[in-house]
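Survey of secondary and tertiary structure
Single-letter residue listing:
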Amino acid sequence: MKKTNLLNKILFPALLIFFLASVYFIVYIRSKKSGDHALSLGTISLSAKNELLTSQVLLQSRICSLPLKRNAIVEDTNGVKYHLSELFDTTKVIVYRISDLYCMECVKSQLPYLKTLSDRLGKKHVMLLASFETFKEFKIFMQTGEFDARAYNIQQQDLSNIPIEALNVPYFFEANGTVNADYVFIPAKEIPDLSKAYCDEVIRSF
Amino acid sequence: MKLGKWKSIASALFILCVFSCTTNELDKKAIELFPKGESPDYTTVLKIPADLDTLSFDYNQMLTDIRYVKLETKNNCLIGNINKILATRNGFVVADYYISNSIFFFDKTGRFINKVALKGSGRSIKSLKDIAYNYDNNTVYIYDNIGSAIYCYDENGTYLNRYPVKNIYFRRIAYLGDSLLLFYHPSLKERGGLNNYELCIGDVSGNIKYKAFERKQESGDGFDYNFSITTEGSDVYYSRRFSKYIYKIAKDSLAIFPGIRLDFPENKSVIDKVTESTTLPELKLLLSADNYNFDGEILSVNNVLYTGIYKKSMNMGVFYSEKNGRIAGGHLVSRLSINDTANAEYYSYPIASSNNEFISVMNPDVIVKSEQNFERSRKAMHIPVPHRERQLDAIMSTMRVDDNPVLVLYKIKPF
């Protein structure tokens, strides 16, 4: 009888406390582990973004007044051909440069910003300069795409003299009455805030 | 009585404690893999010849049972660029994710049936990330990663269902069978867990049951974007970036094992030079140097395997006979004399396969211009008109520059 009382009053409550403590301990260890992991991954992600941002700023600070090939032939969506110099004669234009060789998700990620610029600055001040392998691809891209402003197709090799082309990434530049690429901006789809800041700055200073 | 009560509570707690530690692991267990570096006896070894650069593939000699399917051209079904082709029971599904933003459905003869487009589809599809074919019930899955859903269509492009996939994103999907999908590169909003794996397996709603391949550090520069999940009938292959193993995912036992190993000429492949500590700039240097690379694409038809091998900007295909281990491939050529009849022209290596045929694509926008140039030279140099097989002649003589691509379906002769 005494033995049963002892079991009832001491051993089983102790066992219960032990189990509860074990459960708490396991839960604590697990949450700590995933928390540490989340922190380390978060740090890696942040440092990668910082690295990307730094490289972008360093790269872009070196890019100014890149001369474009004046007599390069471009084609609009109706197949009408122009010299590149005709597009940039007097008007200040923000150009979004894309190619079918670039990451198309990166290309598409910037189209909403291009639309914002077009809406705010007017269609004649915004332009898409594309390089599609065939005119058919260019036409279909423009027909079904989300961008309805001026667009021209140019042969990839006609811009190969610009060092930035070797990076194979989409970029923005400003052409201010000269056939030069100025104020080059290389967006990154991972950092939409950067593109938004660029848009705001372009609209503010236009 | 009191003792019995305590015993019950203690037992219940014990069981609860044990299950709380194991249930989660059972649900999302990692699939058993062969130990790293081991090459089991049944791994097929595909030996890339040292003289691949000098080899040539005479497609008029090697292709057989060729048939052409001209995809119908209408204003509402213009294909910009083919990213993926699925051969379904009664036709073809063609994905153009980036130029026309559409998935096109054609019947066996190439007649346009329907399309799912970002613009004007009547549904709230926000992106076309990938497609997969469920051969068990002849339905097509379209994965919308921005809208976080998998849309289900029948093989005629008729909408059937939408499955929300909450809080988890993938880069590619493939159908494994038994209502299971293979997802490449899962990403969850919260860190850890499935984020650390390259593959996971689950149902169409994204309920994950298995995971595999611990993910290496993100390269973050498009280098980890993987195109190497290929579905071949009921087989699904997967190859990790810069790996010489092509893994086959067996749906029956849900095991992943290296089905094929590529052996490159000594010291001539990117893969053999890549280590765990290779940095991204080093990778870029390796890729731009004179090294062979392999992106993991694999097709299989009637015991003939096809894979693409890359070197700088040069793309070459390799066919491998599983019967005798022979290789055919290299630069594409056609060695026909004036009196011979061409069965194929403007051939390019396959990008898809059906159950018993390889599928290549002919692009009219390129071909028509080449034909015009060739015609001018032919007339100037008084070269006779080439003989073409009847169906090829019909295709070529009616081809216009704005036409949709032509699918070429064929087998490879024994070699």
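Everything discussed here concerns the structure shown above.
This write-up is about the structure you can find in this document. (Residues numbered from 1 in each chain as written. Chains lettered and ligands numbered in written order. Predicted model: local features only at pLDDT ≥ 70, side-chain atom pairs only at ≥ 80, totals over all residues.)

Here's the deal with the overall build of chain A
Scanning chain A for helices and strands turns up 6 helices and 8 strands. In chain A, the succession of α and β elements from N to C terminus is α-β-β-β-α-β-α-α-β-α-β-β-β-α. Burial statistics for chain A: of 206 residues in total, 23% are counted as buried. Across chain A, the fraction of contacts at a sequence separation of at least 24, relative to all contacts at a separation of at least 6, is 66%. (Helix = DSSP H or I, 4+ residues; strand = E, 2+ residues; numbered from the N terminus. Buried ≥ 20, exposed ≤ 12 C-beta atoms within 10 Å, placed from the backbone. Contact = placed C-beta atoms within 7 Å.)

Remarks on the pairing of strand 23 (residues 292–301) of chain B
Residue and element names in this part refer to chain B. In terms of burial, strand 23 is largely enclosed, as 8 of its 10 residues are buried. Pairing of strand 23 with strand 24 (residues 304–311) involves 7 bridges; the strand directions are antiparallel. Directly across from Asn293, in strand 24, lies its bridge partner Tyr310. Hairpin geometry of strand 23 and strand 24 is characterised by an intervening segment of 2 residues between the two adjacent antiparallel strands and by a positive phi of about 45° at Asn302. (Pairing = 2+ DSSP bridges.)

Focus: the sheet that holds strand 7 (residues 171–176) of chain A
Read from one edge to the other, the open sheet built from 8 strands follows the order 1-8-7-4-5-6-2-3 (chain A), with strand pairing classed as mixed. Of all the strands in the sheet, just strand 1 (66–67) and strand 3 (81–83) of chain A have a single pairing partner and so form its edges.

Some details on the sheet that holds strand 5 (residues 84–87) of chain B
Residue and element names in this part refer to chain B. Ordered by their spatial adjacency, 4 strands build an open sheet running 5-6-7-8, and the pairing between neighbours is antiparallel. In this open sheet, the two strands that pair with only one neighbour each are strand 5 and strand 8 (112–117). Here the average twist between neighbouring strands, direction ignored, is 15°. Two elements, strand 5 and strand 6 (residues 91–96), share 4 bridges in a ladder whose sense is antiparallel. (Axes fitted to C-alpha atoms, helices over the stretch in contact; angles between N-to-C directions.)

A word on the environment of Pro192(A)
The topology assignment puts Pro192(A) in helix 6 (residues 192–205). For the pair Pro192(A) and Gln110(A), spaced 82 residues apart in sequence, the C-alpha separation works out to 8.6 Å.

Quick look at helix 6 of chain A
Residues and elements named next belong to chain A. With 14 residues, helix 6 extends 20 Å between its outermost C-alpha atoms, agreeing within 8% with the 20 Å of an ideal straight helix rising 1.5 Å per residue. Listing the buried residues of helix 6 in full gives Ser195, Cys199 and Val202. Along the axis of helix 6, the buried positions cluster into a sector of 70°, meaning they face one direction only. Away from its buried face, by an angle of more than 90 degrees, helix 6 presents the exposed residues Asp193, Ala197, Asp200, Glu201, Arg204 and Ser205. Looking at the packing, one finds that the buried side of helix 6 touches strand 4 (92–99) and helix 4 (111–121). (Expected span 1.5 Å × (residues − 1). Arc of directions from axis to C-beta.)

Details of the nonpolar core
Residue and element names in this part refer to chain B. Ranked by internal contacts, the top residues of the largest apolar core, which has 136 residues, are Val94, Tyr141, Ile142 and Leu182. At 6 residues, the largest contribution of residues to this core is made by strand 31 (residues 406–412). Sequence-distant contacts of Val94, that is, excluding residues within four places in its chain, are made with Leu71, Ile79, Ile82, Ile85, Phe104 and Phe106. (Core = buried A, V, L, I, M, F, W, Y, C linked by C-beta atoms within 7 Å.)

Thoughts on unusual backbone geometry
Glycine aside, the phi torsion of most residues is negative, and most peptide linkages are trans. With a phi close to 55°, Asn168(A) is a non-glycine residue in the positive phi region. With respect to the element layout, Asn168(A) can be found in the loop between strand 6 (150–154) and strand 7. By C-beta crowding, Asn168(A) is classed as exposed, having 12 other C-beta atoms within 10 Å. The residue Asn303(B) is not glycine, and still its phi comes out positive at about 65°.

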